[in-house]
Amino acid sequence: MKNNILLIGFMGVGKGTIARAFAKEYKVFNIDTDDLIESKENRKITKIFKKQGEEYFRKLEQDTANWLENSVKNTLISCGGGFYKIKNINKIGTVVLLDASFDWIYNRLSTAKNAKSKLAKRPLFKDLKKARELYNEREKAYKEIADVVINVEDKDEKEILKELAKVAFL
């Protein structure tokens, strides 16, 4: 890869799944911003939100972004759902939106083999009305921030990987 690629999109769209598959297929490094934060804090994101709240978590995201910008090169980075708000996101690398409708994302999660754990990892999906409102709130912002948009709806993993490879290996 010539540069970092950042995958953004709504929770459950498949950023982590695609990043891991891409890293395996193309032998590149992959890191996840939420994993970095959990490792740094030595606790899960849900616990961070419960104890310190969203504002503290967003500061951790910005700290992570600053580290990525200064220290990470030629890496595929899967980002948390709210990472698109980071001030320097476009300085870190090429921002790729994995895009799909809310209904498709919810269906993907609720029909997965491990649906219970996938939904439990995303507590916002307990209240579908709120989750849909958040999706609607973020949809336009995602597209404005993205350098490239890949619609993942109804595509198999191989198709998505090929589209992503075109971006990564220009």
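Residues numbered from 1 in each chain as written. Predicted model: local features only at pLDDT ≥ 70, side-chain atom pairs only at ≥ 80, totals over all residues. Heavy atoms only, no water.

## Notes on helix α2 (residues 33-41)
Inference 1: For α2, the complete set of buried residues consists of Thr-33, Ile-37, Glu-38 and Glu-41. On an axial view of α2, the arc spanned by its buried residues comes to 135 degrees, and they lie on one face.
Inference 2: Those residues of α2 that are buried are in contact with β2 (29-32), α3 (45-71) and β3 (75-78). (Buried < 20%, exposed > 50% of the residue type's maximum accessible area, 1.4 Å probe, protein only. Helix = DSSP H or I, 4+ residues; strand = E, 2+ residues; numbered from the N terminus. Arc of directions from axis to C-beta. Contact = heavy atoms within 4.5 Å.)

## Let's talk about the layout of surface pockets
Inference 1: The volume enclosed by the second largest pocket comes to roughly 150 Å³.
Inference 2: Taken together, Val-13, Gly-14, Thr-17, Ile-18, Trp-104, Arg-108, Val-152, Lys-155, Asp-156, Glu-157 and Ile-160 make up the full set of residues lining the second largest pocket.
Inference 3: Every element with two or more residues in the lining of the second largest pocket is listed here: α1 (15-26), α5 (102-110) and α8 (157-168). (1 Å grid on protein atoms, 1.4 Å probe; cavity = no way out; pocket = protein on both sides within 12 Å on 5 of 7 lines; lining within 4 Å. Points joined across faces, edges and corners; volume = space filled by probe spheres on them.)

## Looking at the environment of Thr-46
Inference 1: Its place among the elements puts Thr-46 in helix α3.
Inference 2: Under the relative-accessibility criterion, Thr-46 is labelled partly exposed at 36%.
Inference 3: In this structure the C-alpha to C-alpha distance between Thr-46 and Ile-105, which are 59 residues apart in sequence, comes to 20 Å.

## What to know about empty space enclosed by the protein
Inference 1: Enumeration over the complete set of coordinates arrives at 1 cavity of 30 Å³ or more.
Inference 2: In this structure, the largest cavity encloses a volume near 50 Å³.
Inference 3: As for the largest cavity, its lining consists of Gly-9, Phe-10, Leu-97, Leu-98, Asp-99, Ala-100, Ile-105, Tyr-135, Glu-139 and Tyr-142.
Inference 4: Counting residues per element, the ones that place at least two in the lining of the largest cavity are β4 (94-99) and α7 (128-145).
Inference 5: Considering only residue class, the lining of the largest cavity consists of 7 nonpolar, 1 polar and 2 charged. (Nonpolar A, V, L, I, M, F, W, Y, C, P; charged D, E, K, R; others polar.)

## Let's talk about the environment of Ala-131
Inference 1: By the secondary structure assignment, Ala-131 is in helix α7.
Inference 2: We classify Ala-131 as buried; its relative accessible area is 0%.
Inference 3: Filtering out sequence-adjacent residues up to four positions away, Ala-131 remains in contact with Phe-10, Phe-102, Leu-124 and Phe-125.

## Comments concerning the environment of Trp-67
Inference 1: Topologically, Trp-67 is positioned in helix α3.
Inference 2: Sequence spacing of Trp-67 and Glu-139 is 72 residues, and the spatial spacing of their C-alpha atoms is 26 Å.
Inference 3: Dropping the residues within four chain positions of it, Trp-67 is found in contact with Ile-31, Leu-36 and Val-72.

Worth remembering: the numbers are spatial, not functional.
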